[in-house]
Amino acid sequence: MVMSNRWAAFPFMLVALLGSAAADDAAFDAARLKTSRFTYQDIQDGKPGSLSLCTVSTVVQGNYRFTCDFPAFDQSWSTVATRSMAPVETTLKMRAREGRHYQMTLTYTGHHVTGEAVTDPSADGRLPGSDRAVEADISEHTVDQRIDWATVMTTDLKPGQKFLFSVYDAKTGVSQVSCTIADAGVMESPLGKLAAIRLVYTVEKSTGTESYTVYATRDVPRMMLREDLPGGLTAVLVKVEP
């Protein structure tokens, strides 16, 4: 849920258990998530860094909206999904490396996604802008990559079990994800000491494999207590608001 390749230009409905001859189905339900405002602090090499704000809320037609704002990186996104985490729409806004503004919008219709990725020209006019159409087909059990961290928390599976699902990203397309659940003991949080689970998942992208670890409350409604991202970056929950 924090700043990573997942937020750049560029997340389950049905999941298969690994490691058993007969695969079972795992139900995913956004109602297992705590709806609130969550503030996280980045920690890199043991040093506290910038803050980010993420929200989980209900919207019309029983859908859920997930947002994250990273002021230090001039990035934000908003994703709407159904209660079963099927993607509906996403908007991503960010400042590109050259300082240019970038915005991507995606609309999901069944197994098809369309959208637009727009990059403004540079202020000095040296770099031209671009307007790229996005269109792709996705597999049945695919979620938007921006909410992979939230999706893994919606499972009803238990520690010791594993599952698969897919995510979609406008740059890398559909990628397979595998997740393992483990007990994480008791963790400190802004709400006191809470029993936790650890969800370790890998995303097999066309550009390489990325690994993430989400620490979430064991009991529902769940919230993310911590996330470990590639490159040694960790995000820790520091504030929860109703």
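A brief look at the structure comes next. (Residues numbered from 1 in each chain as written. Predicted model: local features only at pLDDT ≥ 70, side-chain atom pairs only at ≥ 80, totals over all residues. Heavy atoms only, no water.)

Chemically, a disulfide is nothing more than a covalent bond linking the sulfur atoms of two cysteines. Here the structure, examined in full by the defined rule, presents 1 disulfide. Cys-54 shares a disulfide with Cys-68; S-S distance 2.0 Å. With the S-S dihedral at roughly 105°, the linkage between Cys-54 and Cys-68 falls on the right-handed side. On the criterion of sequence distance, the pair formed by Cys-54 in strand 2 (residues 47-58) and Cys-68 in strand 3 (residues 64-70) is long-range, its members being 14 residues apart. On the basis of relative accessibility, which here comes to 1%, the residue Cys-68 falls in the buried class. (Disulfide = S-S within 2.5 Å. Helix = DSSP H or I, 4+ residues; strand = E, 2+ residues; numbered from the N terminus. Buried < 20%, exposed > 50% of the residue type's maximum accessible area, 1.4 Å probe, protein only.)

Summarising the element assignment, Ser-139 is placed in the loop between strand 8 (130-137) and strand 9 (142-144). By relative accessible area, which is 36% here, Ser-139 ends up partly exposed. Excluding residues that lie within four positions of it along the chain, Ser-139 makes contacts with Ser-166 and Val-174. (Contact = heavy atoms within 4.5 Å.)

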